[in-house]
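# Tertiary structure, described
The primary structure of each chain is shown beneath.
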Amino acid sequence: MASSLSTAAAGYSAATSPAAQALYRRRRRGNAIVLSLSFGATLFGLAWLVLILGALLYQGFSGLSLAVFTEMTPPPGSAGGLLNAIMGSLIMTIGGVVIGTPIGILAGTYMSEYGRNNKLTTIVRFINDILLAAPSIVIGLFVYEVIVVQMGHFSAFAGMAALAILVIPVVVRTTEDMLNLVPNQLREAAAALGLPRSIMIRHVAYKAAMSGIVTGVLLAIARVSGETAPLLFTALNNQFWSTNLNAPMSSLPVTIFQFALSPYPDWQKLAWTGALLITFTVLALNIVARAFLSPKAHK
Amino acid sequence: MVDAAMTGVIGAGMDSAKLKRMRRFRAGDATFRGLTLGAALLVLLLLGGVILSLIHGSIPALSTFGLDFLTTQSWNPVTEKFGALAPIYGTVVTSLIALLIAVPVGIGIAIFLTELCPPWLKRPIGVAIELLAGIPSIIYGIWGLFVFAPFFQTKIQPFLISVFEPIPVLNNLFAGPPYGIGILTAGFILAIMVLPFITSITRDVFDTVPPVLKEATYGLGCTTSEVVRKVVLPYTRVGVIGGVMLGLGRALGETMAVTFVIGNAHKISASIMAPGTTISASIANEFTEAVGDLYTSSLIALGLILFVITFIVLAAARLLLMRMNVKAGN
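Cut-off values and rules
Residues numbered from 1 in each chain as written. Chains lettered and ligands numbered in written order. Predicted model: local features only at pLDDT ≥ 70, side-chain atom pairs only at ≥ 80, totals over all residues. Heavy atoms only, no water. Helix = DSSP H or I, 4+ residues; strand = E, 2+ residues; numbered from the N terminus. Rg over C-alpha atoms; globule rule 2.2 N^0.38 Å. Buried < 20%, exposed > 50% of the residue type's maximum accessible area, 1.4 Å probe, protein only. Contact = heavy atoms within 4.5 Å. Areas by Shrake-Rupley, 256 points an atom, 1.4 Å probe, with all protein chains shown as cover. Lys, Arg positive; Asp, Glu negative; His and termini not counted. Charge placed at Lys NZ, Arg CZ, Asp CG, Glu CD. Phe/Tyr/Trp six-rings, centres within 6.5 Å; stacked < 30°, edge-to-face > 60°. Buried area = accessible area lost by both parts, 1.4 Å probe. Salt bridge = Lys/Arg side-chain N within 4 Å of Asp/Glu carboxyl O. Polar contact = N/O pair within 3.5 Å; in protein donor to acceptor, adjacent residues only side chain to side chain. Nonpolar A, V, L, I, M, F, W, Y, C, P; charged D, E, K, R; others polar. Core = buried A, V, L, I, M, F, W, Y, C linked by side-chain atoms within 4.5 Å. pLDDT = per-residue confidence, 0-100. Axes fitted to C-alpha atoms, helices over the stretch in contact; angles between N-to-C directions. Left-handed = near helix turned anticlockwise from the far one by under 90°.

### Regarding the overall build of chain B
A count of helices and strands for chain B gives 13 helices and two strands. Its C-alpha atoms give chain B a radius of gyration of 27 Å, more than 25% over the compact-globule value 20 Å for 330 residues. Overall size of chain B, expressed as C-alpha extent along the three principal axes, is 95 × 70 × 35 Å. Relative to its 330 residues, chain B shows a buried fraction of 52%. Intrachain contacts of chain B at a sequence separation of at least 6 include 74% that bridge at least 24 residues. By element, 69% of the accessible surface of chain B is carried by carbon and sulfur atoms, the whole surface being about 14,600 Å². Charged side chains of chain B number 21 positive and 16 negative; the gap between the two group centres comes to 11 Å.

### Considerations on the packing of aromatic side chains
The final tally for this structure, using the stated rule, is 25 aromatic pairs over all chains. Note on Tyr144(A) and Phe154(A): the rings are 6.3 Å apart at their centroids and 40° apart in plane angle, and the pair reads as tilted. Of this pair, Tyr144(A) sits in helix 6 (residues 136–151) while Phe154(A) is found in the loop between helix 6 and helix 7 (156–181), placing the two residues ten residues apart along the sequence. A residue is classified by how much of its surface remains accessible, and Phe154(A), at 22% relative accessible area, is partly exposed. Centre to centre, the rings of Trp75(B) and Phe82(B) are 4.9 Å apart; their planes meet at 70°, and the pair counts as edge-to-face. A single burial state applies to Trp75(B) and to Phe82(B), both of which are buried. An aromatic cluster of at least three residues, connected via ring pairs, comprises Phe44(A), Trp48(A), Trp143(B), Phe148(B), Phe152(B) and Phe188(B).

### Considerations on the side chain of Thr175(A)
With respect to the helices and strands, Thr175(A) occurs in helix 7. Leaving out residues up to four positions away in the same chain, Thr175(A) has contacts with Gly104(A), Ile105(A), Gly108(A), Thr109(A) and Ile213(A).

### Let's talk about the interface of chain B and chain A
As a measure of interface size, the accessible area lost when the parts come together is often cited. Contacts between the two partners involve 81 residues from chain B, matched on the other side by 81 residues from chain A. The contact between chain B and chain A buries some 7,200 Å² in all, and 82% of this surface belongs to carbon and sulfur atoms. Applying the counting criterion to the chain B and chain A interface returns three salt bridges. Of the charged contacts, one joins Asp129(A) and Arg318(B) as a salt bridge, the two residues approaching to 3.7 Å between their closest N and O atoms. Our enumeration of links across chain B and chain A arrives at eight residue pairs in polar contact (both at pLDDT 80 or more). Considering each element in turn, the side of chain B that touches chain A owes the most residues, 22 residues, to helix 2 (residues 16–65) of chain B. Residue composition of the side of chain B that touches chain A, by class: 54 nonpolar, 20 polar and seven charged.

### Considering the nonpolar core
Counting 183 residues, the largest nonpolar core has Ile135(B) and Tyr140(B) as the members making the most contacts within it. At 16 residues, helix 13 (residues 293–328) of chain B tops the list of elements feeding residues into this core. Not counting residues up to four positions away in its chain, the partners in contact with Ile135(B) are Leu49(A), Ile52(A), Leu53(A), Thr279(A), Leu283(A) and Tyr140(B).

### Observations concerning the confidence of the model for chain A
Residues and elements named next belong to chain A. Summarising the model, chain A shows a mean pLDDT of 90, and 93% of its residues fall at 70 or more. Across chain A, helix 4 (residues 83–114) holds the top mean pLDDT of 96, while helix 1 (residues 2–14) sits lowest at 49. Note on residues 1–8: pLDDT under 50 across the span, and zero contacts to partners over four residues away in sequence or across chains.

### Brief notes about the confidence of the model for chain B
Considering every residue of chain B, the mean pLDDT works out to 90; 95% of them sit at 70 or more. Model confidence for the complex: the whole-complex pTM is 0.90, and ipTM, which rates the interface, is 0.89.

### Some words on the packing of helix 9 (residues 211–219) of chain B against helix 10 (residues 224–253) of chain B
All names here are of chain B. Interaxial distance between helix 9 and helix 10 falls to 10 Å at its minimum, and their mutual angle equals 145°. Here the hand of the crossing between helix 9 and helix 10 comes out right-handed. Contacts between helix 9 and helix 10 pair Leu-213, Lys-214, Thr-217 and Tyr-218 from the former with Thr-224, Val-227, Val-231, Val-232 and Tyr-235 from the latter. Considering only residue class, the contact of helix 9 with helix 10 consists of six nonpolar, two polar and one charged.

### A short note on unusual backbone geometry
Here Asn117(A), not a glycine, exhibits a phi torsion of approximately 70°, which is positive. Along the chain, the position of Asn117(A) falls in the loop between helix 4 and helix 5 (119–133). Residue classification places Asn117(A) among the exposed residues on the basis of a relative accessible area of 63%. Unusually for a residue other than glycine, Asn264(B) sits at a positive phi of about 50°. Look at Asn264(B) and you get partly exposed, because its relative accessible area is 35%.

Here it is as structure tokens:
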């Protein structure tokens, strides 16, 4: 391939002046440089993924044992696990998703089914896109002001509320996009059968967009299960086992934050193990979410 | 009005059970519509609530310090003197460093994916880069602190210091003992974190270039790099800038990763290798330990500043990307 190209080039250049030949060579050289740089950039980008995952496996895997899942977070200097942190993360993530998902789906439904392209939808979409990328620590401050200060203490409930606020924009975005993809003929056919609009939406449009909406929810779970900043001053942390939603609750990310910055080696070790758990959960959710969507995307 | 008349006409020919069902359907319709409308309005309310609560929380600090809050560097919890200049400086500088690295790399990857890559490799590489965006911020933090910072300290920083030593202005920028952690390290970690956002948007807008345009340019005998520079980039300029702004918005607000590696020093140093702080790192580090209303309020005021900056950047990014979408016709 390369040799046939260069013979063609030689044949072409034989018929032209030396100056034109030089220009041609220079352009080809420039092209080769740009293309190798872009190839290099790709390798550079992929290298970080490999390096980070490699370090996580190397540092975190050795600490992985049954105790991690059965014992509480230890005081410095003694052995223990991450059970209360894992449980806290599960409770607050589930809570946040359960609160945030219905609101997100309903808002996305309005934008696609009732107000497609009207002014309100345009504004909501714009604001939602900003919420989607807004710094999560600011959401933490908001929940602190609105819930923690009013209640007078930190609580798992405040943590859930903060996570729910992060879930909403993700779900709104995917729900709207996926409902917009549902062919109008389906809606017209349902209407022709005499179905009221709300039943048409719930039984026809939702069904057609189901895999996309599920993807959105999975991506939202993936996003909030690694969030630390909004939990720091809402759910705070708790060294002990607690399922009381009205009290501070431990979570995996906040525990990692505390343990990693501590001077104790066994805490740091647990932090790495926790980091490994979170990362692979989040990446698995991401991949499953994509797999859910891909049959549709290829159509 | 019309609806009522219709029910009347249709209702005349129906028995009462059917009529009842019709009414129930209608009530269900109205309820469902109301619910969805309420949820959509709630999204607007959320943003309004965030802004109002931040303003409310920062009133004590802003009324005590006034505009000096934005221009002073001191951050002293003991004497209760607070100024936001050092965190603002840190936020802006780390984000700029991140963009300086991530923009060329991101555009490079997008060029590779759209122009060079064999089709079967496109999806795996695209997904792998996007997975970088899926890794939680705190993981970048722990990795940055324990793996990247020591490497940076022993290999990269001494190299940079010796290279820039003889150059007049730059030797101040790259001066001082190599701590490993600091503004430059934070900027570098941020670059890796925003890379996937810039890459995926750049790739998407590159894909909107009509193939006819590219084919015509190739037909004139242009090389791939000439096609990219003279057709693809000019055509997609607005979209690429939008993607970069979106990346900037992410970098400005990024919290946990930066908190780990920036060193948390409330001062502005000439050297970008020195420890510093950012708005988000200050809040994350100090908020739960802040004693006194003025301290807490100053941190919330920092949050307000951060939110205003990111709001402007993200809004600009969205407007640019919307213009790009209009151009692409979808």
